[in-house]
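Architecture at a glance
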Amino acid sequence: MSETYELAVIGAGPAGLEAALVASQAGVKTVVIDCYPQSGGQYFKAMPSGFSVSERNSAEAEGDALAKRLEETSVTRFWDTLVWGVFNDEEKDEGWLLALNGAEAPKEIRARTLILANGAYETPVAFPGWTLPGVISCGATLILVKTQRVAPGKRAIVTGTGPLLFSAAAHLIAAGVEVVAVCENTRLFPKGIMYIPTMLGQWGRLVEGIKYLSTMIKGKTPYKTGWSVIEAQGKEHVEGAIIAKLDNNGVPIPGTEKTVLVDTVVCSFGLTPNTDMARMIGCKLEYKAKKGGWIPVRDETLQTSLDGVYVAGDCGGISGAENSRLEGQIAGTAVSNKTGHMSSQKAEEIYNSLKSPLSQQRRFGRLLGDLFTTKPGLSSLSRDDTIICRCEEITKKEILAAIDAGCESVVWVKRQTRSGMGMCQGRSCHRQVAHLVAQRTGQKLDTLLPDTQRPPERPISLEVLVEVDE
Ligand SMILES: Cc1cc2nc3c(=O)[nH]c(=O)nc-3n(C[C@H](O)[C@H](O)[C@H](O)COP(=O)(O)OP(=O)(O)OC[C@H]3O[C@@H](n4cnc5c(N)ncnc54)[C@H](O)[C@@H]3O)c2cc1C
């Protein structure tokens, strides 16, 4: 018999940790699962076990404190454990069945309610040369530099959009890498000026930003707004990059191209909410471009269209780590109330106390969405021979041929070409295929449904499947 919990939290980033803490403190029998070896998710980025550093930054210290608080509770924790499938047999009324893959975890558990807190991933943009060794995402760069203390190269250029570019550039410079420029796709002025009051309410982030900026100034790194890397060049590895000025839509302006000599191109074109689990179990979705694309529909307690299923943090729309923490607290409170461990009055008091900080963080979320959304014109960077689906090595030409042959949805292109059927299961190419379908057929992006999602959520070995019950 599999163990049954009142609540399963999938993801132990800022949202999942807070949700599990609130629910367990109210007395909810809770399990929290994360496929990383430690809790903390993308923002807190805990050190690998056995690593220690003399100086912890503020995010690391906050993450440590949250993890410690969780250890002091009765919450069951499974790290290094993938939730590869979530199933519900409505006829049996036994709650959700979660299929797990982790050395220390059972093969399956059951849960009456779910909080999906599985975060976001970086939005990839295909440009000529983007699959060359030496082209690396900001997220990967920060993991290498911040948690592993490894520099990805000697001379880098950082490109894309959003505050992660500052963070990546400053960490690279501190690690001894020469950063020749940061190319921010968005022209921040004059539109950015209207967000100054929002930023003044984000004191912690402002201080962090100023710290990064001063590192860039000391490193003599230019911050070029309205620019992007449009091509990475090299035979076996990156040897250089072409940068160009972009128009407001993100299309390169002819005649502005410049070549820079670098061995590393660091990219971050925004974040996409991870809706894998929500799609797998059938939560209703809506398209919100400024929140990162398709996101689950939620009520004010963060419950989705499915009873007892809640979504907290970046997987519900990109708004940053602080917003994720608050959403985790709301979802944890809602589950505590739903499972009878907290009175509605107490829950209401908690929601009211979170209203003001939440609206402040959501203002910050709107700033991110307004200023740093992936530019649609960037999909014009790829050429006919540019690989779009890197797992299955499908080029733009093959995808366009499938669309011209009548595949007018992402799913049909997938069936025809295998794009999205590889290891990353479409996380890397889905958005790019959607843009190509939209452009070629004149459909709107918000009418092009995301891919279907079936278990396993990420690749698992056949051995795991053989061992599980039907
Ligand atoms: C690559 C990347 C780098 C970032 N770097 C920074 C930064 O340096 N500074 C900054 O301010 N913000 C950064 N952000 C943004 C910030 O991390 C987020 O706003 C914040 O972490 C969101 O918190 P969350 O709890 O919603 O999700 P996350 O922190 O992303 O946590 C989600 C967790 O869910 C787990 N998970 C997902 N699917 C499964 C599954 N099927 N089974 C088990 N576990 C699963 C993941 O392993 C992860 O630990 C980054 C975001 C990304 C995507």
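From a predicted model like this one, the values you see are computed outputs, not experimental measurements.

Of regular secondary structure, the protein possesses 14 helices and 21 strands. The C-alpha radius of gyration computed for the protein amounts to 22 Å, which stays within 12% of the reference 23 Å derived for 470 residues, consistent with globular compactness. Expressed as lengths along the three principal axes of its C-alpha atoms, the size of the protein is roughly 65 × 55 × 45 Å. For the protein, buried positions account for 54% of its 470 residues. Once local pairs closer than 6 in sequence are excluded, the contacts in the protein between residues at least 24 apart make up 66%.

The next subject is the domain arrangement of the protein. Taken domain by domain, the protein holds domain 1 (3-121 + 272-342), domain 2 (124-269) and domain 3 (382-447). On a C-alpha basis, the centroid separation for the pair domain 1 and domain 3 is 31 Å.

Around the ligand sit 35 residues, and of these Ala-15, Asp-34, Gln-42, Tyr-43 and Asp-314 come closest. Take Tyr-43: an N or O atom from its main chain is 3.4 Å from an oxygen atom of the ligand. Contact between the ligand and Val-83: a nitrogen atom at 3.0 Å from a main-chain N or O atom of the residue. The fraction of the free accessible surface of the ligand (980 Å²) that becomes covered by protein chains is 93%. Contributing elements (two or more residues each) for the shell around the ligand: α1 (14-26), α2 (41-44), β4 (82-88), β7 (120-122), α4 (138-147), α5 (164-174) and α9 (321-338). Its residues placed into classes, the shell around the ligand shows 16 nonpolar, 12 polar and seven charged. Two domains each put at least three residues into the shell around the ligand: domain 1 (3-121 + 272-342) and domain 2 (124-269).

Attention shifts here to the sheet that holds strand β11 (residues 223-225). Taken in spatial order, the five strands make up an open sheet running β8-β15-β9-β10-β11, and their pairing is parallel. Two strands in the sheet have a free side with no partner beyond their single neighbour: β8 (135-137) and β11. Mean inter-strand twist for the sheet, computed between neighbouring axes without regard to direction, equals 20 degrees. Bridge analysis of β8 against strand β15 (residues 264-268) gives three bridges, and the strand direction is parallel. Counted as the bridge partner of Ser-137 is Cys-267 from β15. With respect to the sheet, α5 is in contact with β9 (155-160), β10 (178-184), β11 and β15, its orientation differing from that of β10 by roughly 175 degrees.

Right, let's talk about the pattern of salt bridges for a bit. As enumerated under the stated definition, the model contains 20 salt bridges in all. Ionic pairing is found between Arg-110 and Glu-94, a salt bridge with its closest N-O pair at 3.1 Å. On the criterion of sequence distance, the pair formed by Arg-110 in strand β6 (residues 108-116) and Glu-94 in the loop between β4 and β5 (96-101) is long-range, its members being 16 residues apart. Judged by relative accessible area, Glu-94 falls into the partly exposed class, the value being 30%. Overlapping salt bridges, with partners in common, bring together Asp-276, Arg-279, Arg-427, Glu-457 and Arg-458 in one network.

Below, the discussion takes up the nonpolar core. In terms of nonpolar packing, the biggest core is built from 44 residues, with Phe-127, Val-135, Ile-157, Val-262, Val-265, Ile-399 and Val-433 touching the most fellow members. For this core, the secondary structure elements donating two or more residues are β10, β12 (227-233), β13 (240-245), β15, β20 (387-389), α11 (396-404), α12 (410-417) and α13 (430-441). Broken down by element, this core gets its largest block of residues, five residues, from α13. Here this core gathers at least three residues from each of two domains, domain 2 (124-269) and domain 3 (382-447). Once you skip the residues sitting within four places of it in the chain, Val-265 turns out to touch Phe-127, Gly-134, Val-135, Ile-136, Ile-157, Thr-159, Val-229, Ala-232, Val-238 and Ala-241.

A cluster of nonpolar side chains, contributed by Phe-189, Ile-193, Ile-196 and Leu-200, occupies part of the molecular surface with about 440 Å² of accessible area. With respect to the secondary-structure elements, Ile-196 resides in helix α6 (residues 196-200).

The volume enclosed by the second largest pocket comes to roughly 390 Å³. Of all the secondary-structure elements, those providing two or more residues to the lining of the second largest pocket are β17 (285-288), β18 (293-296), α9 and α10 (344-371). Here the element with the most residues in the lining of the second largest pocket is α10; it accounts for seven residues. Of the residues belonging to the lining of the second largest pocket, the class tally is eight nonpolar, three polar and 10 charged.

A separate point is the pairing of β13. Along β13, five of the six residues are buried, which leaves the element largely enclosed by surrounding structure. Where β12 meets β13, six bridges bridge the pair, whose relative direction is antiparallel. Within the sheet, the bridge partner assigned to Trp-227 lies in β13 and is Lys-245. As consecutive antiparallel partners, β12 and β13 are separated by six residues, and within that stretch Gly-234 has a phi angle of approximately 150 degrees, a positive value. Examined bridge by bridge, β13 and strand β14 (residues 258-260) share three bridges and lie antiparallel to one another. Among the inter-strand pairings, Ala-241 is bridged to a residue of β14, identified as Val-260.

Rules used throughout
- Residues numbered from 1 in each chain as written.
- Predicted model: local features only at pLDDT ≥ 70, side-chain atom pairs only at ≥ 80, totals over all residues.
- Heavy atoms only, no water.
- Helix = DSSP H or I, 4+ residues; strand = E, 2+ residues; numbered from the N terminus.
- Rg over C-alpha atoms; globule rule 2.2 N^0.38 Å.
- Buried < 20%, exposed > 50% of the residue type's maximum accessible area, 1.4 Å probe, protein only.
- Contact = heavy atoms within 4.5 Å.
- Domains from an automatic or database assignment.
- Near = heavy atom within 4 Å.
- Polar contact = N/O pair within 3.5 Å; in protein donor to acceptor, adjacent residues only side chain to side chain.
- Areas by Shrake-Rupley, 256 points an atom, 1.4 Å probe, with all protein chains shown as cover.
- Nonpolar A, V, L, I, M, F, W, Y, C, P; charged D, E, K, R; others polar.
- Pairing = 2+ DSSP bridges.
- Axes fitted to C-alpha atoms, helices over the stretch in contact; angles between N-to-C directions.
- Salt bridge = Lys/Arg side-chain N within 4 Å of Asp/Glu carboxyl O.
- Core = buried A, V, L, I, M, F, W, Y, C linked by side-chain atoms within 4.5 Å.
- Patch = residues over 30% accessible without salt bridge, like charges linked within 9 Å, V, L, I, M, F, W, Y side chains within 5 Å.
- 1 Å grid on protein atoms, 1.4 Å probe; cavity = no way out; pocket = protein on both sides within 12 Å on 5 of 7 lines; lining within 4 Å.
- Points joined across faces, edges and corners; volume = space filled by probe spheres on them.

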